[in-house]
Amino acid sequence: MREILFDRFGGPDVLTLHTDSPRPEPAEGEVLVEVAYAGLNPLDYKIRDGSSGMAADLSLPAGTGRELTGTVIGAGPDLDTAELASRGVAPGTRVFGMRRPTDRRGVAAEVIAIAADDLAPVPDEVTEEDLPRWAGLALAGLTAIATVHDAAELREGSSVLIHGGSGGVGQLLIPMAREAGASHVWATGRAANAERIRELGAEPIAYDQVDWQQAVREATGGEGVDVVLDTRYFSTFLPSLDVLRADGEGMIVVLPSLADLTPAQERGITARITRIVTGRDRLDRLVQGMRSGAYPLETSRVLPLEQIAEAHRLLEDGHTRGKLVVDVRP
Ligand SMILES: NC(=O)c1ccc[n+]([C@@H]2O[C@H](COP(=O)([O-])OP(=O)(O)OC[C@H]3O[C@@H](n4cnc5c(N)ncnc54)[C@H](OP(=O)(O)O)[C@@H]3O)[C@@H](O)[C@H]2O)c1
């Protein structure tokens, strides 16, 4: 079968298409899925270039990608059809999901084995044209849930600044912050993405046209915001500490896992890094938001599997709008 593998850490060109990979065998608790689309995330290139903590104990050659949509085509020895049906993932069902953090196998392959609990059914009404959006939903969505509900503990009336509002996670952070009761939500992005940010439910701040710190100060009457959700970190973390409310009750949540929070802690500011939690209950929550239209996650490009290196280059550029997806179908 076709599968993307890399045999050393490095640039996008280490990603190689193999056409003779053996089909995996599903272990206990796993199903076999014929993959339709794989969603891409910055984590993919950080694992590929060896800079992610998740690359440390990875054995090479390794697969790439963490999230997908596809169709269940088989199951491990302990999962009979009745059991699979009771979980809504019987053979023939379209599913979406992501590998749990401890599962380092890739998903950019024609067929994968994956824990049944890491998947949820795609609703019947979803058209084939709309399927790529579901490939990019699980990782960004579970990250947004963990950011808004576990780390930030957002509540009614909070004022929130989101960095990277039109990115994969940002597009879900905005509606989730609103749902959690945030009364004012601002989100940074280039002017070209301002309209998108507004559609998602935040007041856009075009960081390429205005001084965003000054814009936040003016918008909050000098008070600052209660919470910053920072999907960028490198250029945004330190300046964000200066736009948090001054009484020390503000909080910043950062997404990149290797972020150094010391500068915030030294100033007595609560700072946390998002820790993703996988699980069916959370996937079902994402399904509800997609069905209701509350989470209008956008797929900006779908590239063929053969062009996965190009997809990594685009992602590393840091200006992806919504999600990038690769088409794994033959
Ligand atoms: N901790 C966890 O469990 C976890 C989980 C998932 C992701 N992450 C991390 O979270 C980060 C974001 O992930 P993602 O999938 O959302 O990435 P992404 O989709 O690649 O984010 C791209 C977005 O960032 C915006 N951006 C770029 N430079 C910016 C700047 N200086 N100020 C404000 N916005 C800027 C871009 O908007 P413009 O084009 O308008 O600039 C673009 O929309 C990554 O580092 C990822 O590794 C962590």
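Values in this document were obtained by computation on a predicted structure and should not be read as measured data. (Residues numbered from 1 in each chain as written. Predicted model: local features only at pLDDT ≥ 70, side-chain atom pairs only at ≥ 80, totals over all residues. Heavy atoms only, no water.)

1. Examining the pattern of salt bridges
Going through the model one piece at a time under the given rule, you end up with 29 salt bridges. The partner of Glu 153 in a salt bridge is Arg 272, with the nearest N and O atoms 3.0 Å apart. With a gap of 119 residues between them, Glu 153 in the loop between helix H4 (137-151) and strand E9 (159-163) and Arg 272 in strand E14 (residues 270-273) connect regions that are remote in the sequence. Overall, the relative accessible area of 37% leaves Glu 153 in the partly exposed class. (Salt bridge = Lys/Arg side-chain N within 4 Å of Asp/Glu carboxyl O. Helix = DSSP H or I, 4+ residues; strand = E, 2+ residues; numbered from the N terminus. Buried < 20%, exposed > 50% of the residue type's maximum accessible area, 1.4 Å probe, protein only.)

2. Brief notes about the pairing of strand E10 (residues 184-189)
The buried fraction of E10 is high, at five of six residues. Regarding the hand of the β-α-β motif, the stretch spanning E9, helix H5 (residues 170-179) and E10 is right-handed. Sheet topology note: the E10/strand E11 (residues 203-206) ladder contains four bridges and is parallel. Looking across to E11, one finds that Gly 189 is bridged to Ala 206. For the handedness criterion, the β-α-β arrangement of E10, helix H6 (residues 194-200) and E11 is classed as right-handed. (Right-handed = clockwise from strand over helix to strand, strands pointing away. Pairing = 2+ DSSP bridges.)

3. Thoughts on the side chain of Thr 188
Position of Thr 188 relative to the elements: it lies in strand E10. Here Thr 188 falls in the buried class, since its relative accessible area comes to 4%. At a separation of 3.0 Å, a polar atom in the side chain of Thr 188 contacts the side chain of His 163. (Polar contact = N/O pair within 3.5 Å; in protein donor to acceptor, adjacent residues only side chain to side chain.)

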